[in-house]
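Breakdown of the fold
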Amino acid sequence: MTLIDAEFENLQLDQHGALAVLTVNRPQALNALNADTLSEIAQAVELIMDTAEVGALIVTGGGDRAFVAGADISELADMDSVFAGRELSLAGQDVMQTIATLPFPTIAAINGFALGGGLELALACDVRVAAPTAKLGLPEAGLGLVPGFGGTQRLPRLIGAGRALDLMLTGRQVGAEEALSMGLVNYVADQPLMRARELAQQMLRNAPMALGLVKEAVRRGLDTTFDHALEIEADMFGMAAATKDFKEGTRAFLEKRPARFQGE
Ligand SMILES: C/C=C/C(=O)SCCNC(=O)CCNC(=O)[C@H](O)C(C)(C)COP(=O)(O)OP(=O)(O)OC[C@H]1O[C@@H](n2cnc3c(N)ncnc32)[C@H](O)[C@@H]1OP(=O)(O)O
């Protein structure tokens, strides 16, 4: 099966050359992540990973109101034990971590509400582009919950513990400009999907393996000591230095021509 053949109930998956676009599509529930949708995202990401020509992924929301308004509260309401809660959190974390560790760039095009699990999905992506009307937040404490799809860990790593705690303890929604000022989103754009496509095309001009190695150096480096992180960087640099694309990139520069990267 190719990406183009894939059919999902609550997702749309499109491929334009090296770019895959995953749209969470339950607009009647502001694209809330019920168990079926979460499992479809996992399947879609697996399919994307198996599609060799894909080199970048955009995640966005269907309809004109929401990116994703969180985990589906009508399903959450049935959780009745420590075990059930923990299982749901682990399942969500697993999907977000799979996205976060993809070896190519991922961009969240945030076209409206990105709340709770929806913001956690955006946080699992490398870069975030928000519409001027987007609203972002982690309101779980207002439901008697804790962010459980990686938010308590990814948000402080991205914007610092103080700002992350402010958002999680108040549960307040921040607008796009405030999100930009705190580093929660990288760009604000009237057409976030279009801006995300432009960014993806810019990224796709770089050497694919270098992109994967940059991501690995940053991700692994954030979770260890500085000295060890520098060793990881040196390892990634060494791996990049051994690629054919490094030879091509440097040769192309010296010959004053665009590089033709093969991902090798
Ligand atoms: C580990 C992860 C945990 C979590 O993610 S916990 C959930 C975190 N998310 C939230 O708490 C946000 C919940 N949603 C809202 O607060 C509001 O919505 C909004 C502020 C986003 C928008 O409000 P408004 O403009 O008044 O729209 P509306 O009528 O509330 O929503 C339209 C339809 O969408 C459904 N919906 C919205 N969010 C969710 C959700 N997270 N889970 C399930 N359904 C949701 C509503 O119920 C309603 O549906 P109907 O038209 O049938 O009444």
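Reading guide: rules and limits
Residues numbered from 1 in each chain as written. Predicted model: local features only at pLDDT ≥ 70, side-chain atom pairs only at ≥ 80, totals over all residues. Heavy atoms only, no water. Domains from an automatic or database assignment. Contact = heavy atoms within 4.5 Å. Buried area = accessible area lost by both parts, 1.4 Å probe. Buried < 20%, exposed > 50% of the residue type's maximum accessible area, 1.4 Å probe, protein only. Helix = DSSP H or I, 4+ residues; strand = E, 2+ residues; numbered from the N terminus. Pairing = 2+ DSSP bridges.

1. What to know about the domain arrangement of the protein chain
Each assigned domain of the protein chain is listed here: domain 1 (11–204) and domain 2 (208–254). Averaged C-alpha coordinates put domain 1 and domain 2 at centres separated by 26 Å. Contact with domain 1, which involves 11 residues of that partner, is made by six residues of domain 2. Interface area, domain 1 with domain 2, both sides summed: about 610 Å², of which 53% is carbon and sulfur. The three residues of domain 1 that bury the most area against domain 2 are T101, P103 and R157, which together make up 50% of that side's buried surface.

2. Side note on the pairing of strand β5 (residues 106–110)
A large share of β5 lies buried, amounting to five of its five residues. With burial as the criterion, each face of β5 is covered, one bearing T106, A108 and I110 and the other bearing I107 and A109. Of the strand pairs in this sheet, β5 and strand β7 (residues 127–130) are connected by four bridges, and their pairing is parallel. Bridge assignment links I107 to a residue of β7, and that residue is V127.

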